[in-house]
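Residue-level structure breakdown
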Amino acid sequence: MVVVGTDCLNEGQPMKKLLVALIFLGGCFGLGTLALFYTCLASDPDDAGGCFVASTLALSHRCLASDPGDSRAFGQALAVSEDYIAVGDPQANRVVLYQRDFIGRWTRREEILPPEGSTIAKAGAGFGYALDLEKEMLVIGAYRASRPIRRNEQGGYSISFSDEIQYFGAVYSALLEPNGAIELQEIPIRKTDLLVGYALSASGNQVAIGAGVKAESSESSGKVLIIDLTTNQISDVIEAPTSQSQTSFGSAVGLHDNILAVGSPLDPPQGGAWVFDLNHPKPPHWISGNNSFAGGSIAQGASFTAVSYHPLTWGNLDTVIVTGNNKKIVLERGGSLSIAGNLLSTARPRTPDLEVKGLVSVFEISDRGKAELLVEIPEGWQATLSDRFLVFTIKVRGRQRVCYRSIEEFN
């Protein structure tokens, strides 16, 4: 197991100083632990970018170029494919796109903004709340819940908690063209009272979207919409299988081929996930969480399902994994989840009181019901996996940064 801590430097900039400390510690899971801590200082210490350790023994990662306009929410949502990394910055109401060139360098490209005049553009925040990327098709969730801001008698602005919460939500597809063009389209939702944008998962030509309702609506049931990305139309609607599931059904979703996992944190007794086979009408099977309110975070892979808690639960999160041959694993890690092949990443943010630090972990999951911890990244708080890269968010010198690691380094 490898633990990595970093302070970073822009790709291509000369390093003034490189400090590498290798510390061997007692490992958990019966493994030795190699901890790497390295600091790279750039000519401009406020312009931290990417950094690598010049050693064949050291595992390394680079940080993508940042911008002074990046908000504190930069990296709240991440998506990665072979040639693109998408970074959600919902506080700034945008998605930042990076593209990999023919020699493997990642370049910051354009910012994707909500359509001018759209509801989410007028809301001023929320675009990029959720992301997924399937080859050249980027799916963007826009979601915001807030109370109206009014000018007060003193000339300032204030929020009244007696006002109803206003909800804004939409989902967009963006086709990323090789010539740099981006074709952004809103996915139409038939029922205008359905609230979307907070949970989505793409696989092949389909995307699953969690759909709830606005607080002022008389309805209360959640559902999941299956969208055909070739037409941007709804191809199926998955309803909650029980009346007890209705309130929170669709809080999180995970889609892989025809297998759909749907989080339902308020389902008694402890929350969990319903797993559907979209090609067969048989009833879904239930995966129960290990503690209350499980199902706020979901990931579905080819060979296993992972169920955890919303990262902002801020507790001692854990993850329940059920493999294809019904082996059950419980990890003492949790938060946001991502799966690529037999790898699982978990990411939790630090708590407001700083008693619990942020942590990104990557595990290798076997069909025999075993989980091997491959790497931990302290102070990481969001992560996503592809077949080639781990992409994660970490705070560097007070700024949110998005960094990446090659999957090949884990083996």
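Residues numbered from 1 in each chain as written. Predicted model: local features only at pLDDT ≥ 70, side-chain atom pairs only at ≥ 80, totals over all residues. Heavy atoms only, no water.

**Considerations on the overall build of the chain**
Per the secondary structure count, the chain includes 1 helix and 34 strands. Sequence separation of 24 or more characterises 47% of the internal contacts of the chain that already satisfy a separation of 6 or more. (Helix = DSSP H or I, 4+ residues; strand = E, 2+ residues; numbered from the N terminus. Contact = heavy atoms within 4.5 Å.)

**So, the sheet that holds strand β6 (residues 84-89)**
In space, the 4 strands of this open sheet follow the order β5-β6-β7-β8, with antiparallel pairing throughout. The two strands at the open ends of the sheet, each matched to only one other strand, are β5 (77-80) and β8 (106-112). Neighbour-to-neighbour, the strand axes of this sheet turn through a mean angle of 20 degrees, independent of strand direction. Two strands pair when backbone bridges link them, and strand β7 (residues 94-100) and β8 are joined in this way by 5 bridges, in the antiparallel orientation. Bridging across to β8, Val-96 finds its partner in Glu-111. (Pairing = 2+ DSSP bridges. Axes fitted to C-alpha atoms, helices over the stretch in contact; angles between N-to-C directions.)

**Some words on the sheet that holds strand β33 (residues 389-396)**
One open sheet accounts for 4 strands, arranged β4-β34-β33-β32; its pairing is antiparallel. The outermost strands of the open sheet, each flanked by one partner alone, are β4 (62-63) and β32 (380-385). Across 8 bridges, the pairing between β33 and strand β34 (residues 399-406) is antiparallel. In the strand pairing of β34, Val-396 is matched with Arg-399.

**A short note on the nonpolar core**
A general tendency of soluble globular proteins is for nonpolar side chains to be buried together. Counting 20 residues, the largest nonpolar core has Val-95, Phe-127, Leu-131, Leu-138 and Ile-140 as the members making the most contacts within it. Broken down by secondary-structure element, the contributors of at least two residues to this core are β5, β6, β7, α1 (119-123), β9 (127-134), β10 (137-146) and β13 (166-176). Among the elements that line this core, the one with the most residues is β13, at 5 residues. In terms of nonpolar packing, the next biggest core, distinct from the first, is built from 18 residues, Cys-63, Val-360, Val-362 and Leu-390 among them. (Core = buried A, V, L, I, M, F, W, Y, C linked by side-chain atoms within 4.5 Å. Buried < 20%, exposed > 50% of the residue type's maximum accessible area, 1.4 Å probe, protein only.)

**Regarding the layout of surface pockets**
Taken as a whole, the second largest pocket encloses approximately 320 Å³ of empty space. Considering the residues around the second largest pocket, the lining is formed by 19 residues, among which Ile-259, Val-275, His-285, Thr-305 and Gly-324 are closest to the centre. At the level of secondary structure, the elements contributing two or more residues to the lining of the second largest pocket comprise β22 (272-277), β23 (285-288), β25 (304-308) and β26 (319-323). With 3 residues, β22 is the largest single contributor of residues to the lining of the second largest pocket. When its residues are assigned to classes, the lining of the second largest pocket shows 9 nonpolar, 8 polar and 2 charged. (1 Å grid on protein atoms, 1.4 Å probe; cavity = no way out; pocket = protein on both sides within 12 Å on 5 of 7 lines; lining within 4 Å. Points joined across faces, edges and corners; volume = space filled by probe spheres on them. Nonpolar A, V, L, I, M, F, W, Y, C, P; charged D, E, K, R; others polar.)

**Focus: the confidence of the model for the chain**
Per-residue confidence for the chain gives a mean pLDDT of 80, with 77% of residues at or over 70. Here residues 1-58 is a poorly scored stretch, pLDDT under 50, and it has 148 contacts once near neighbours within four places are set aside; other chains count. (pLDDT = per-residue confidence, 0-100.)

**Regarding the state of the cysteines**
For the structure shown, the criterion picks out 1 disulfide. Between the sulfur of Cys-63 and that of Cys-403 lies a disulfide, 2.1 Å long from S to S. Disulfide Cys-63 to Cys-403: torsion about the S-S bond roughly 75 degrees, handedness right-handed. Taken together, the residues span a long stretch of sequence, with Cys-63 in strand β4 and Cys-403 in strand β34 at a distance of 340 residues. Comparing Cys-63 with Cys-403 shows no difference in burial state: the two are buried. (Disulfide = S-S within 2.5 Å.)

**Let's talk about the pattern of salt bridges**
By the definition in use, this model includes 13 salt bridges. Residues Lys-223 and Glu-239 are paired through a salt bridge, measuring 3.9 Å at the closest nitrogen-oxygen approach. In this pair, Lys-223 sits in strand β18 (residues 223-228) while Glu-239 sits in strand β19 (residues 233-239), placing the two residues 16 residues apart along the sequence. On the basis of relative accessible area, Lys-223 is assigned to the buried category, the value being 10%. When the shortest N-O distance is used, the salt bridge between Arg-333 and Glu-376 registers 2.3 Å. One end of the pair, Arg-333, is in the loop between β27 (328-331) and β28 (336-340); the other, Glu-376, is in strand β31 (residues 371-378), with 43 residues separating them in the sequence. Its relative accessible area of 16% is what places Arg-333 among the buried residues. A cluster of three or more residues bridged by salt bridges with shared partners is formed by Asp-70, Asp-89, Arg-94, Arg-108 and Glu-111. (Salt bridge = Lys/Arg side-chain N within 4 Å of Asp/Glu carboxyl O.)

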